[in-house]
Structure formats: C-alpha cells, structure tokens
Amino acid sequence: MSRLLNVSSSPHVRDTVTTNSIMYDVLIAMLPAAAFGVFQFGLHALLVILITMAACALSEYIYEYAMKKPITIADGSALVTGMILALNMPADIPLWIPVLGGVFAIIVVKQLYGGLGQNFMNPALAGRCFLLISFAGKMSSFTLDGWSGATPLAQLKSGQAVDVAAMFVGRIPGTIGEVSVIALLVGAAYMVAKKVISLRIPVTYILTTAIFVFIFGQQDLSFVMAHICGGGLIFGAFFMATDYVTSPITPNGQIVFGVLLGILTGLFRLFGGSAEGVSYAIIISNMLVPLIEKFTLPTAFGKEGKKS
Amino acid sequence: MNKCAERLYNGIIKENPTFVLMLGMCPTLAVTTTAINGVGMGLSTTAVLVFSNLIISALRKIIPDRVRIPAYIVIVASLVTIVQLLLQAYIPSLYESLGIYIPLIVVNCIILGRAEAYAAKNGVVESAFDGIGMGLGFTVGLTCIAIFREILGGGAVFGMEFIPEDFRITIFGLAPGAFFVLAGLTALQNKFKAPSATNGSAPKSSLACGGNCASCNGLACASNHSTLEEIRRKEEEKAAQAKKEAALKAAAAKKEAEAKKAAQAAAAADAAGTEKAGE
C-alpha cells in the first residue's frame, strides 16, 4: 500500500517549489525588517514576534486537532501570518493583544473558511484590523527610544515637515516591521530573486499611490516620497498585497488590483480620518478579488472570438 | 388550552424567531449592544406582537384579502406608536438607547410574518398566545446575543462591570461583533443539533464523517469504505432477496394463470358441450 498510484487532474506541473518553500522564503524575506525592528525597539519586539508566531501556529494546531483535520502547521503559513501580524504591532504592546489577534486571524478568518487557500481576506491583516478597532489606543501609540510621538504620516497629516532620509532608514516611530524601508526592500529583493512574488502588484500599487498623492495632495517630491516611505505602504505592497490566496491570479487582474489598492490607500490617507490606510485598503481590495478575476479571465484556447 | 402551551413552546424553542426562523435580523444586530437593550427591545416587540396578533385575528373576517397588508400595517403602526409614547414617558433611558429601532418595529418581519402566517387564519386566543411565544422567543434570542456582546465588548452584564477597561474587546460592541456573536451562537446550535434553520430533518448518515464532504479527509476514508461496503452488501442481499421473492411470486402467478386457463378451457369445453347438446 505504500506505493499508491496517484491520479490527479491537470495541470501536471513538476516543480521543486512547494507551499513550504514559498512560506519559508517569505519568512526569510521578513527577517531583515524584523531584525531592524528588534534592534530599534528592543527585546520586547522580539518577544512580540515570537509569541505571535507561536500563538498562530498553536491555534491552527488546536483547531485542526479538535476538528480532526490533517495538521498543516508544518507548511509554515501560520508562521507567516503570525510574523506579518507581529510586524504590524507597536513594539510596546501588551503581549496578550497580539495573541488574541493571532487566534482571531487563524481561527475566524482562515480556518472557519476552510484553511489555507480558502480564506477570502489576508488573515494577518484581518487580525490587525480586529485589534485596531478593539484597542485603538494601544494599537496606535508608538514610542521610539522611550519617547512617544506621532508617526511621520500623522505629522504630514497635521501639516508638519518630516525627515524623508530618517524614514528611509527607519529611525521613526511606527510598528515593528514597517519602519525601515531599506530592510523591507532587501527582503522584497530576495523574494523577487527567488521568484516568490512578481513585481506587478507592488509596483502598480506604489506608483498609483504616488500619483494619487501627487495629484490630490501636495505637488512636492518630498511629500510624495514621505508618503511612499511612511506607514505600511512598502511592507503592505510587497508582503501583504502579494499574498497568493487573496490576490488575483490573472496578470491583468493583478494590475487592476494594484491600481485599486493605490487609489484606496491614497483616499484613506488624504481624505480619511486616520493617517494610515494600507490595512483597510488591502482588506477591501481582497474582497473584490473574485470580481476582478471574473472580468480579467483570459480567453481559453479555442474560444477566441466566441462569447462564452 | 393545550394548544396555547404548544404555541408558547413553538415560539420560544421550535420556531425561535432569532435562531430558527432568522427573522428580524436588523434589530437583532443593531440594538444588542447591552443586555438591557436586548431585553427592552424584545419586550417592546412582544407587546406589539401580542396585541397585533390579537386584533388582526379578531378582524380577520372583516379585512378584505386584497388590502390586508396595508390594514395590518395600520394596526401595527398604531400599536408601535402607543409603545413608543409609553416608553418615552416611563422609561426614557431605554427610549434614548433604542432610538430609531422602536419606530422600526412597524416593519419588523416577525410581526407581519406572524400576522400573515398565523393570526389571519386562527382564533383570537391562539393568536395571542402565538404572539406571546414568538415575542418571548425573540426576547430570549436578543438577550442571549446581547449578554455575550456586553461581556466581551463592554466588560459587564446588565450594566454591572467586572472586566477592567483595558481588557475589553471593543469590536464586539460594534456592528462586526454582532455578526461574530450571532454566527458563533448559530454554530453552537448546529453543533448540538438544536432546532435551527439548517439541521431540521436531515437524514443522518452512517458514514464516519457524518456525510459531511467538507470535513472529509484521509482518516475517515478507510472507515467510510467499510461502511459503504457494508451498505452495498446489505443492498445486494436485499436485491437478491427481492429477486427470489419476485421469482417465487412469478412462478406462483404463472401456476395460477395456468390453472385459470385450464379452468377456462374446461368451462369453454363444457359450455360448448352443453351448447352442442342443446342443439
């Protein structure tokens, strides 16, 4: 019985890429940003990251064990969710809050819809928005070197000048993972080099945001650069919007998705109540993905010129 | 009198408007932020429901069929106005916190639904008890949801706070929380096979996974195979038995038919013989 013949439907693709390898590549790509966060915000940030990842993996295990499903924590997707969620937290958050977010992300958003591949929105971001609505105060109080201050985006919103160079390096208050653009770009370059992600979504997303901010905000290069480097835009564009499950699979759809994300982010940032809008933009666009895919489906071979 | 008790049971458990019929979802999701609100909304609706059922049932032979809906609405709206004014006069705090949802009781689907489905076809006493049952069922449903939301989102039960402010999950007091709690309670209800919209009289499967293909996986597969094999064997046996019986029956029928034929032939011969004799 050990050599069962496996009969499966097409496509019969043979490749060394597995879910595991992709997930661990994403984890490796997030390491520079995480390391910078720990370096800047101290060991509590490391604790937040480890505990969130553990909470996600554990809640996946417990749910699957209780529901008598195959245990899938080894594929690393829960760890990626935990990592993304942790990097979206302020460094000095009480530890039980990210744990609660991780449980919500894995059980409610991912497992109740059927596990990996079935969730209709990015679990980590849904968990973050759950926490952001529930604990607005704690989730948006950022400190840097013991000094509590507004994020550059909040400063921009209230009309103050910001230091774009510091934002590029990451010496700014913010969540653990989003602060350092340079560390994020190193990770993104790794993912692109390993062909884990394509550049279609991130580039259209960032470009659209830049154009939107340029047209409707200030016609000023440093203002636009501050919007690109500030907040979670780079992190969101490369690590969260490119999630395979919740982004379109058609090339044209990915471009539409990126443009939609950019417009929503710009709208939320310039005209919304809060300074940041990447999470909500990605979540809302996630829900439009089935529609985008329906309208950008390429014509099947042999169906050219025919209406289906 | 038994019928009245049956109506109460039907309204509170068997056809609970919130958890089984899934009616009146708008107030269910909107006002259940605190347990007091849930109870208040439920009891206001109960009051309206009892009297609307009573009046509609009493007038059911007078109201022409074509204009029955406007007639019902007029009755319900008058009652809701009375309830609204009474609440405003005697419980102003509840009136404040329920807000627009009191006038909206007029278009609550439970009230019109019961008028259409029950009060318009049944006697006055039964209809009134149907209203009490449905209203209490609605109150129980709202209070259940509201208690969970108040504990998780507000850290309190009926206004008595016991969870410090830092540990309250505010989202449960907002709109998404209402959906989470309703979905969670409905899932529990399905799990424990309580009466619900989805697990009414579905036949139980003898498969290991309960016939639920969504939860099917490799572990259940083997035992499913043996169960299926057993079912197949039983069916085969049955078929064989049926075949045997059919064959027996057919043989018996054949015999009978032959006997009949012979008898007929004999009779015909007889008749012919007598005819001949008669000639």
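Residues numbered from 1 in each chain as written. Chains lettered and ligands numbered in written order. Predicted model: local features only at pLDDT ≥ 70, side-chain atom pairs only at ≥ 80, totals over all residues. Heavy atoms only, no water.

On a plain count of helices and strands, chain B comes out with nine helices and two strands. Across the 279 residues of chain B, 33% fall into the buried class. A separation of at least 24 residues holds for 69% of the contacts in chain B among residues at least 6 apart in sequence. (Helix = DSSP H or I, 4+ residues; strand = E, 2+ residues; numbered from the N terminus. Buried < 20%, exposed > 50% of the residue type's maximum accessible area, 1.4 Å probe, protein only. Contact = heavy atoms within 4.5 Å.)

Moving on, we get to the pattern of salt bridges. Scanning all chains against the criterion turns up ten salt bridges over all chains. Put simply, B:Glu6, B:Arg7, B:Glu15, B:Arg114 and B:Asp130 are held in one network by salt bridges that share partners. (Salt bridge = Lys/Arg side-chain N within 4 Å of Asp/Glu carboxyl O.)

For chain B, the domain assignment lists domain 1 (2-191) and domain 2 (224-278). Each of domain 1 of chain B and domain 2 of chain B has a C-alpha centre, and the two are 64 Å apart. (Domains from an automatic or database assignment.)

Time to look at the packing of helix H1 (residues 2-14) of chain B against helix H7 (residues 124-154) of chain B. Residue and element names in this part refer to chain B. Their axes nearest at 7 Å, the elements H1 and H7 cross at an angle of 25°. As the angle between them shows, H1 and H7 are arranged roughly parallel. Read as a crossing pair, H1 and H7 show a hand that is right-handed. In this structure, H1 uses Lys3, Cys4, Arg7, Leu8, Asn10, Gly11 and Ile12 to contact H7, whose residues at the interface are Val125, Glu126, Phe129, Asp130, Ile132, Gly133, Met134, Leu136 and Gly137. (Axes fitted to C-alpha atoms, helices over the stretch in contact; angles between N-to-C directions. Parallel < 35°, antiparallel > 145°, perpendicular 65-115°, else oblique. Left-handed = near helix turned anticlockwise from the far one by under 90°.)

This brings us to unusual backbone geometry. With a phi angle near 55°, A:Lys68 is a residue other than glycine that sits in the positive phi range. Here A:Lys68 lies in the loop between helix H2 (43-66) and helix H3 (77-87). Of note, the phi angle at B:Phe158 is positive, near 50°, even though the residue is not glycine. Exposure remark for B:Phe158: the relative accessible area of 38% places this residue in the partly exposed category.

The subject of this paragraph is the environment of A:Glu60. Residues and elements named next belong to chain A. Among the structural elements, glutamate 60 can be located in helix H2. Each C-alpha atom, one on glutamate 60 and one on arginine 171, is 35 Å from the other, the two residues being 111 residues apart in sequence. If near-sequence neighbours (up to four positions away) are discounted, glutamate 60 is found in contact with Thr72, Ile73, Ser77, Ala78, Ile106, Lys110 and Gln111.

Our focus in this paragraph is a nonpolar patch on the surface. All names here are of chain A. Taken together, the side chains of Leu199, Val203, Leu207, Ile211, Phe214, Ile215, Phe216, Ile255, Val259, Ile263, Leu267 and Phe271 make up a nonpolar region of the molecular surface, amounting to roughly 1000 Å² of accessible area. Going through the elements one at a time, helix H10 (200-216) and helix H13 (251-271) are the ones with two or more residues in the nonpolar patch. With six residues, H10 is the single largest residue contributor to the nonpolar patch. As for its position among the elements, valine 259 is in helix H13. (Patch = residues over 30% accessible without salt bridge, like charges linked within 9 Å, V, L, I, M, F, W, Y side chains within 5 Å. Areas by Shrake-Rupley, 256 points an atom, 1.4 Å probe, with all protein chains shown as cover.)

Between its terminal C-alpha atoms H7(B) stretches 42 Å, which fits the 45 Å expected from 31 residues at 1.5 Å a residue. Two residues or fewer after H7(B) comes B:Gly155, characterised by a positive phi angle close to 65°. (Expected span 1.5 Å × (residues − 1).)

We now examine the packing of aromatic side chains. Across all of its chains, the model carries 13 aromatic pairs over all chains by this definition. Ring plane angle 75° and centroid distance 6.3 Å describe the contact between A:Phe216 and A:Phe271, whose orientation is recorded as edge-to-face. Taken together, the residues span a long stretch of sequence, with A:Phe216 in helix H10 and A:Phe271 in helix H13 at a distance of 55 residues. Members of the aromatic cluster, joined through ring pairs, are A:Phe104, A:Phe130, B:Phe172 and B:Phe180. (Phe/Tyr/Trp six-rings, centres within 6.5 Å; stacked < 30°, edge-to-face > 60°.)

Moving on, we get to the packing of H10(A) against helix H12 (residues 233-240) of chain A. All names here are of chain A. Their axes nearest at 9 Å, the elements H10 and H12 cross at an angle of 155°. One element, H10, and the other, H12, form an angle in the roughly antiparallel class. As for how H10 packs across H12, the hand of that crossing is right-handed. Here H10 contributes Pro202, Tyr205, Ile206 and Thr209 to the contact with H12, which in turn contributes Leu233, Ile234, Gly236, Ala237 and Phe238. Taken together, the residues of the contact of H10 with H12 sort by class into seven nonpolar, two polar and no charged. (Nonpolar A, V, L, I, M, F, W, Y, C, P; charged D, E, K, R; others polar.)

Here the focus is helix H4 (residues 68-90) of chain B. All names here are of chain B. The first and last C-alpha atoms of H4 sit 33 Å apart over 23 residues, in line with the 33 Å expected at 1.5 Å per residue. Residues of H4 that are buried include every one of Tyr72, Ile75, Val76, Leu79, Val80, Val83, Gln84 and Leu87, and no others. Contacts from the buried residues of H4 go to helix H3 (35-58), helix H5 (92-98) and helix H6 (109-119).

This next bit is on the nonpolar core. Core analysis: the largest hydrophobic core is formed by 89 residues, its most contacted members being A:Met30, A:Ile49 and A:Phe239. Not counting the four nearest positions on each side in its chain, A:Phe239 is found in contact with A:Val26, A:Ala29, A:Met30, A:Ile84, A:Leu184, A:Gly187, A:Ala188 and A:Met191. (Core = buried A, V, L, I, M, F, W, Y, C linked by side-chain atoms within 4.5 Å.)

So, on to the interface of chain A and chain B. Each side of the interface is counted separately: chain A has eleven residues, and chain B has ten residues. Taken over both partners, the interface formed by chain A and chain B buries close to 880 Å², and the fraction arising from carbon and sulfur atoms is 71%. At the surface where chain A touches chain B, the tally comes to one salt bridge. Its salt-bridge partner being B:Asp166, residue A:Lys138 comes within 3.8 Å of it at the nearest N-O pair. Along the contact surface separating chain A from chain B lie two residue pairs in polar contact (both at pLDDT 80 or more). Only helix H4 (96-111) and helix H5 (123-134) of chain A provide two or more residues apiece to the side of chain A that touches chain B. (Buried area = accessible area lost by both parts, 1.4 Å probe. Polar contact = N/O pair within 3.5 Å; in protein donor to acceptor, adjacent residues only side chain to side chain.)

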